[in-house]
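Residue-level listing of the chains:
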Amino acid sequence: MNEENIKKIVRDRYAKVAKTNGSCCNANTNCCTTPSDKQISKLVGYSQEEISEVPPGANLGLGCGNPTALATLKEGEKVMDLGSGAGFDCFLASKKVGQTGKVIGIDMTPEMIDKARLNAQKGNYTNVEFRLGEIENLPSADNSVDIVISNCVINLSPDKKRVFQEAHRVLTPTGRLMVSDIVLLKPLPDALRQSVEAYVGCIAGAELKNNYLELIIEAGFQNVKILQEKVYPLDCIISEPKTTATLTSLGMTLQEAKQATDLVVSISVLATKQ
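Residues numbered from 1 in each chain as written. Predicted model: local features only at pLDDT ≥ 70, side-chain atom pairs only at ≥ 80, totals over all residues. Heavy atoms only, no water.

A. Inspection of unusual backbone geometry at higher detail. Here Cys 152, not a glycine, exhibits a phi torsion of approximately 60°, which is positive. The residue Cys 152 is located in the loop between strand S4 (145-151) and helix H7 (160-170) in this model. (Helix = DSSP H or I, 4+ residues; strand = E, 2+ residues; numbered from the N terminus.)

Here it is in C-alpha coordinates:
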(Lines give C-alpha, C1' and ligand atoms only; values in the text may rest on other atoms or scores of the structure.)
Protein backbone atom coordinates (compact mmCIF):
# COMPACT_ATOMS: atom_id res chain seq x y z
CA MET A 1 0.00 0.00 0.00
CA ASN A 2 1.28 3.45 -0.85
CA GLU A 3 0.85 6.46 1.42
CA GLU A 4 -2.33 7.74 -0.23
CA ASN A 5 -3.97 4.31 -0.18
CA ILE A 6 -3.19 3.95 3.52
CA LYS A 7 -4.72 7.36 4.29
CA LYS A 8 -7.84 6.53 2.31
CA ILE A 9 -8.29 3.19 4.07
CA VAL A 10 -7.83 4.81 7.49
CA ARG A 11 -10.14 7.72 6.62
CA ASP A 12 -12.87 5.40 5.37
CA ARG A 13 -12.66 3.18 8.43
CA TYR A 14 -12.86 6.02 10.92
CA ALA A 15 -15.65 7.69 8.99
CA LYS A 16 -17.57 4.47 9.60
CA VAL A 17 -16.64 4.58 13.30
CA ALA A 18 -17.92 8.16 13.53
CA LYS A 19 -21.23 7.19 11.95
CA THR A 20 -21.73 4.17 14.25
CA ASN A 21 -20.57 5.91 17.46
CA GLY A 22 -17.59 3.58 17.73
CA SER A 23 -19.74 0.53 18.28
CA CYS A 24 -18.34 -2.80 17.11
CA CYS A 25 -21.90 -3.92 16.43
CA ASN A 26 -23.58 -3.39 13.08
CA ALA A 27 -26.70 -4.38 11.21
CA ASN A 28 -25.23 -7.76 10.33
CA THR A 29 -24.51 -8.88 13.89
CA ASN A 30 -26.77 -9.90 16.73
CA CYS A 31 -24.55 -8.83 19.59
CA CYS A 32 -21.17 -7.50 20.53
CA THR A 33 -18.74 -9.66 22.53
CA THR A 34 -15.92 -7.13 22.82
CA PRO A 35 -15.55 -4.47 25.56
CA SER A 36 -17.71 -1.36 25.39
CA ASP A 37 -16.20 2.07 24.71
CA LYS A 38 -16.37 2.89 28.43
CA GLN A 39 -14.76 -0.42 29.41
CA ILE A 40 -11.92 0.12 26.95
CA SER A 41 -11.37 3.64 28.29
CA LYS A 42 -11.11 2.32 31.84
CA LEU A 43 -8.66 -0.36 30.70
CA VAL A 44 -6.34 2.23 29.16
CA GLY A 45 -6.37 4.62 32.11
CA TYR A 46 -9.42 6.89 32.22
CA SER A 47 -11.38 7.36 35.44
CA GLN A 48 -15.14 7.00 35.67
CA GLU A 49 -15.34 10.73 36.37
CA GLU A 50 -13.47 11.57 33.16
CA ILE A 51 -15.64 9.21 31.12
CA SER A 52 -18.82 10.70 32.57
CA GLU A 53 -17.97 14.39 32.17
CA VAL A 54 -17.81 14.50 28.36
CA PRO A 55 -20.85 14.70 26.04
CA PRO A 56 -22.41 11.37 24.96
CA GLY A 57 -20.77 10.21 21.75
CA ALA A 58 -17.43 11.93 22.44
CA ASN A 59 -15.79 8.78 23.80
CA LEU A 60 -15.53 6.19 21.02
CA GLY A 61 -13.18 3.87 22.91
CA LEU A 62 -10.33 4.46 20.45
CA GLY A 63 -7.52 5.40 22.84
CA CYS A 64 -4.62 3.36 24.20
CA GLY A 65 -3.72 5.66 27.09
CA ASN A 66 -4.75 8.88 28.83
CA PRO A 67 -2.38 11.64 27.66
CA THR A 68 -4.38 14.45 29.25
CA ALA A 69 -3.86 12.90 32.69
CA LEU A 70 -0.07 12.77 32.19
CA ALA A 71 0.37 16.12 30.45
CA THR A 72 0.16 18.30 33.60
CA LEU A 73 -1.92 20.83 31.70
CA LYS A 74 -2.08 24.30 33.20
CA GLU A 75 -4.70 27.01 33.06
CA GLY A 76 -4.19 29.30 30.09
CA GLU A 77 -2.22 26.82 27.97
CA LYS A 78 -2.90 26.16 24.30
CA VAL A 79 -3.25 22.47 23.45
CA MET A 80 -3.30 20.67 20.09
CA ASP A 81 -4.66 17.11 19.80
CA LEU A 82 -3.45 15.12 16.78
CA GLY A 83 -6.19 12.81 15.56
CA SER A 84 -8.85 14.22 17.84
CA GLY A 85 -11.72 11.97 16.72
CA ALA A 86 -15.02 12.86 18.34
CA GLY A 87 -13.29 15.17 20.82
CA PHE A 88 -12.89 13.06 23.99
CA ASP A 89 -9.37 14.19 24.95
CA CYS A 90 -10.02 17.74 23.73
CA PHE A 91 -12.96 18.09 26.11
CA LEU A 92 -10.94 16.73 29.04
CA ALA A 93 -8.12 19.14 28.20
CA SER A 94 -10.62 22.01 27.92
CA LYS A 95 -11.49 21.76 31.60
CA LYS A 96 -7.82 21.77 32.62
CA VAL A 97 -6.75 24.82 30.61
CA GLY A 98 -9.87 26.82 31.44
CA GLN A 99 -11.43 29.71 29.57
CA THR A 100 -8.09 31.51 29.30
CA GLY A 101 -6.67 28.50 27.46
CA LYS A 102 -7.54 26.89 24.15
CA VAL A 103 -7.75 23.39 22.68
CA ILE A 104 -7.44 22.62 18.97
CA GLY A 105 -8.37 19.20 17.62
CA ILE A 106 -6.97 18.05 14.27
CA ASP A 107 -8.51 15.17 12.31
CA MET A 108 -8.44 14.19 8.63
CA THR A 109 -11.89 12.56 8.67
CA PRO A 110 -14.71 15.03 7.89
CA GLU A 111 -17.25 12.83 9.67
CA MET A 112 -15.19 12.95 12.85
CA ILE A 113 -14.81 16.73 12.62
CA ASP A 114 -18.58 17.14 12.20
CA LYS A 115 -19.22 14.85 15.16
CA ALA A 116 -16.69 16.63 17.36
CA ARG A 117 -18.10 20.07 16.54
CA LEU A 118 -21.60 18.87 17.38
CA ASN A 119 -20.33 17.47 20.68
CA ALA A 120 -18.66 20.80 21.44
CA GLN A 121 -21.95 22.58 20.87
CA LYS A 122 -23.83 20.12 23.07
CA GLY A 123 -21.32 20.56 25.87
CA ASN A 124 -20.90 24.32 25.37
CA TYR A 125 -17.11 24.05 25.02
CA THR A 126 -16.30 27.59 23.93
CA ASN A 127 -12.53 27.17 24.22
CA VAL A 128 -12.32 24.17 21.85
CA GLU A 129 -12.17 24.18 18.05
CA PHE A 130 -11.75 21.40 15.50
CA ARG A 131 -9.82 21.72 12.24
CA LEU A 132 -9.87 19.36 9.27
CA GLY A 133 -6.32 18.42 8.36
CA GLU A 134 -3.65 15.76 8.23
CA ILE A 135 -1.28 15.29 11.14
CA GLU A 136 1.60 15.14 8.63
CA ASN A 137 0.73 18.70 7.58
CA LEU A 138 -0.76 20.50 10.55
CA PRO A 139 -3.02 23.50 9.82
CA SER A 140 -1.28 25.72 12.37
CA ALA A 141 1.46 28.34 12.50
CA ASP A 142 5.00 27.81 13.82
CA ASN A 143 5.50 28.18 17.58
CA SER A 144 1.76 28.47 18.19
CA VAL A 145 0.86 25.87 20.88
CA ASP A 146 2.17 24.97 24.32
CA ILE A 147 1.58 21.23 24.17
CA VAL A 148 0.82 18.63 21.53
CA ILE A 149 -1.05 15.51 22.62
CA SER A 150 -2.15 12.44 20.68
CA ASN A 151 -3.85 9.18 21.60
CA CYS A 152 -3.34 6.01 19.54
CA VAL A 153 -3.24 7.85 16.21
CA ILE A 154 0.37 8.35 15.12
CA ASN A 155 0.75 4.58 14.59
CA LEU A 156 -1.78 4.96 11.75
CA SER A 157 0.35 7.48 9.86
CA PRO A 158 2.48 6.22 6.95
CA ASP A 159 5.01 9.01 7.69
CA LYS A 160 5.52 9.15 11.44
CA LYS A 161 8.76 11.09 11.20
CA ARG A 162 6.89 13.88 9.43
CA VAL A 163 4.22 13.87 12.17
CA PHE A 164 6.82 14.44 14.86
CA GLN A 165 8.54 17.12 12.78
CA GLU A 166 5.22 18.94 12.42
CA ALA A 167 4.53 18.63 16.16
CA HIS A 168 7.96 20.10 16.84
CA ARG A 169 7.29 22.97 14.40
CA VAL A 170 4.00 24.12 15.93
CA LEU A 171 5.23 24.01 19.53
CA THR A 172 6.52 27.11 21.29
CA PRO A 173 10.19 27.02 22.36
CA THR A 174 9.12 25.91 25.85
CA GLY A 175 6.50 23.49 24.49
CA ARG A 176 6.17 19.77 25.12
CA LEU A 177 4.86 16.60 23.51
CA MET A 178 2.69 14.05 25.34
CA VAL A 179 1.55 11.07 23.27
CA SER A 180 0.05 7.66 24.00
CA ASP A 181 0.51 5.15 21.21
CA ILE A 182 0.88 1.53 20.17
CA VAL A 183 4.38 0.19 19.55
CA LEU A 184 5.96 -3.24 19.01
CA LEU A 185 8.42 -5.14 21.15
CA LYS A 186 9.41 -7.38 18.22
CA PRO A 187 8.53 -7.52 14.50
CA LEU A 188 5.08 -8.89 13.69
CA PRO A 189 4.45 -12.07 11.68
CA ASP A 190 4.15 -11.28 7.97
CA ALA A 191 0.45 -12.23 7.91
CA LEU A 192 -0.41 -9.47 10.40
CA ARG A 193 2.10 -6.96 9.08
CA GLN A 194 0.57 -7.10 5.61
CA SER A 195 -3.06 -7.09 6.75
CA VAL A 196 -5.24 -4.05 6.04
CA GLU A 197 -7.48 -5.01 8.97
CA ALA A 198 -4.46 -5.13 11.27
CA TYR A 199 -3.33 -1.73 9.99
CA VAL A 200 -6.55 0.10 10.73
CA GLY A 201 -6.68 -1.81 14.02
CA CYS A 202 -3.44 -0.05 15.07
CA ILE A 203 -1.18 -3.11 14.78
CA ALA A 204 0.44 -3.38 11.35
CA GLY A 205 1.43 0.28 11.15
CA ALA A 206 3.04 0.34 14.58
CA GLU A 207 6.79 0.92 14.90
CA LEU A 208 9.23 -1.01 17.03
CA LYS A 209 9.46 0.79 20.37
CA ASN A 210 13.08 1.90 19.99
CA ASN A 211 12.43 3.09 16.43
CA TYR A 212 9.43 5.11 17.62
CA LEU A 213 11.49 6.89 20.26
CA GLU A 214 14.28 7.50 17.75
CA LEU A 215 11.82 9.20 15.36
CA ILE A 216 10.85 11.62 18.14
CA ILE A 217 14.52 12.42 18.79
CA GLU A 218 15.27 12.83 15.07
CA ALA A 219 12.46 15.39 14.85
CA GLY A 220 14.40 17.55 17.31
CA PHE A 221 12.76 16.72 20.63
CA GLN A 222 14.74 16.60 23.87
CA ASN A 223 14.34 14.76 27.18
CA VAL A 224 12.34 11.91 25.61
CA LYS A 225 11.08 9.47 28.21
CA ILE A 226 8.42 6.79 28.59
CA LEU A 227 6.07 7.55 31.48
CA GLN A 228 3.91 4.43 31.15
CA GLU A 229 4.13 1.11 29.33
CA LYS A 230 1.62 -1.72 29.42
CA VAL A 231 0.33 -4.61 27.36
CA TYR A 232 -2.58 -3.56 25.20
CA PRO A 233 -5.50 -6.05 25.43
CA LEU A 234 -6.22 -8.08 22.30
CA ASP A 235 -9.94 -7.29 22.50
CA CYS A 236 -9.14 -3.58 22.26
CA ILE A 237 -7.05 -4.11 19.13
CA ILE A 238 -9.12 -6.66 17.20
CA SER A 239 -12.61 -5.56 18.14
CA GLU A 240 -14.78 -6.14 15.11
CA PRO A 241 -17.25 -9.03 14.70
CA LYS A 242 -15.48 -10.27 11.60
CA THR A 243 -12.24 -10.95 13.51
CA THR A 244 -12.50 -14.73 13.13
CA ALA A 245 -13.02 -14.47 9.38
CA THR A 246 -10.10 -12.06 9.09
CA LEU A 247 -7.77 -14.36 11.03
CA THR A 248 -8.87 -17.33 8.94
CA SER A 249 -8.09 -15.42 5.76
CA LEU A 250 -4.62 -14.72 7.13
CA GLY A 251 -4.10 -18.40 7.94
CA MET A 252 -3.88 -17.67 11.67
CA THR A 253 -5.72 -19.19 14.60
CA LEU A 254 -7.04 -16.97 17.39
CA GLN A 255 -4.30 -18.37 19.67
CA GLU A 256 -1.63 -17.42 17.12
CA ALA A 257 -3.10 -13.93 16.91
CA LYS A 258 -3.02 -13.62 20.71
CA GLN A 259 0.63 -14.66 20.75
CA ALA A 260 1.40 -12.08 18.08
CA THR A 261 -0.40 -9.29 19.91
CA ASP A 262 1.66 -10.04 23.03
CA LEU A 263 4.30 -8.17 21.04
CA VAL A 264 2.10 -5.06 21.13
CA VAL A 265 2.30 -2.54 23.98
CA SER A 266 0.90 0.87 24.74
CA ILE A 267 3.38 3.55 25.76
CA SER A 268 2.93 7.13 26.93
CA VAL A 269 5.87 9.35 25.97
CA LEU A 270 6.81 12.83 27.18
CA ALA A 271 9.31 15.06 25.39
CA THR A 272 10.24 18.74 25.31
CA LYS A 273 10.97 20.95 22.30
CA GLN A 274 14.20 22.21 23.84
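Here the narrative resumes.
B. Seen up close, the sheet that holds strand S7 (residues 264-272). Read across the sheet, seven strands follow the order S3-S2-S1-S4-S5-S7-S6 without closing on themselves; strand pairing throughout is mixed. Bordering the open sheet on either side are strand S3 (128-132) and strand S6 (222-231), each of which pairs with just one other strand. Going from strand to strand, the sheet's axes swing by 20° on average, the running direction of each strand aside. Pairing of S6 with S7, which is carried by seven bridges, proceeds in the antiparallel orientation. Within S7, the residue paired with Ile 226 across the bridge is Val 269. Running at roughly 165° to S3, helix H6 (residues 110-123) makes contact with strand S2 (102-107) and S3 of the sheet. On top of the sheet, H7 reaches strand S1 (78-82), S4 and strand S5 (171-184); it is set at about 155° to S5, its chief contact. (Pairing = 2+ DSSP bridges. Axes fitted to C-alpha atoms, helices over the stretch in contact; angles between N-to-C directions. Contact = heavy atoms within 4.5 Å.)

C. Seen up close, the pairing of S5. Of all 14 residues making up S5, 12 are buried, and the element is well covered by its neighbours. Of the pairings in the sheet, the one linking S4 to S5 comprises six bridges and is parallel in character. What sits directly across from Ser 150, in S5, is Val 179. Regarding topology, H7 serves as the crossover connection from S4 to the parallel S5, and that connection is right-handed. (Buried < 20%, exposed > 50% of the residue type's maximum accessible area, 1.4 Å probe, protein only. Right-handed = clockwise from strand over helix to strand, strands pointing away.)

D. The arrangement of helix H10 (residues 209-218) in detail. Among the residues making up H10, those that are buried are Tyr 212, Leu 213, Leu 215 and Ile 216. Along the axis of H10, the buried positions cluster into a sector of 155°, meaning they face one direction only. On its buried side, H10 packs onto H7, S5, S6 and S7. (Arc of directions from axis to C-beta.)

E. Layout of helix H1 (residues 3-19). Its 17 residues give H1 an end-to-end C-alpha distance of 24 Å, which sits within 8% of 24 Å, the value for a rise of 1.5 Å per residue. Among all positions of H1, only Ile 6, Lys 7, Val 10, Arg 13, Tyr 14, Ala 15, Val 17 and Ala 18 are buried. At its buried positions, H1 is contacted by H6 and helix H9 (196-200). The backbone nitrogen of Glu 4 has a side-chain oxygen 3.2 Å away, supplied by the residue at the start of H1, namely Asn 2. (Expected span 1.5 Å × (residues − 1). Polar contact = N/O pair within 3.5 Å; in protein donor to acceptor, adjacent residues only side chain to side chain.)

F. A look at the pattern of salt bridges. Taken as a whole, this structure holds 14 salt bridges when the rule is applied. For Lys 7, the salt bridge goes to Glu 136, with nearest N and O atoms at 3.8 Å. One end of the pair, Lys 7, is in helix H1; the other, Glu 136, is in the loop between S3 and S4, with 129 residues separating them in the sequence. Both residues of the pair, Lys 7 and Glu 136, count as buried. Measuring nitrogen to oxygen at the nearest pair gives 3.5 Å for the salt bridge that ties Glu 53 to Lys 95. One end of the pair, Glu 53, is in helix H3 (residues 48-53); the other, Lys 95, is in helix H5 (residues 88-97), and 42 residues separate them in sequence. A single network of salt bridges, built from pairs that share partners, joins Glu 3, Lys 7, Arg 11, Glu 134 and Glu 136. (Salt bridge = Lys/Arg side-chain N within 4 Å of Asp/Glu carboxyl O.)

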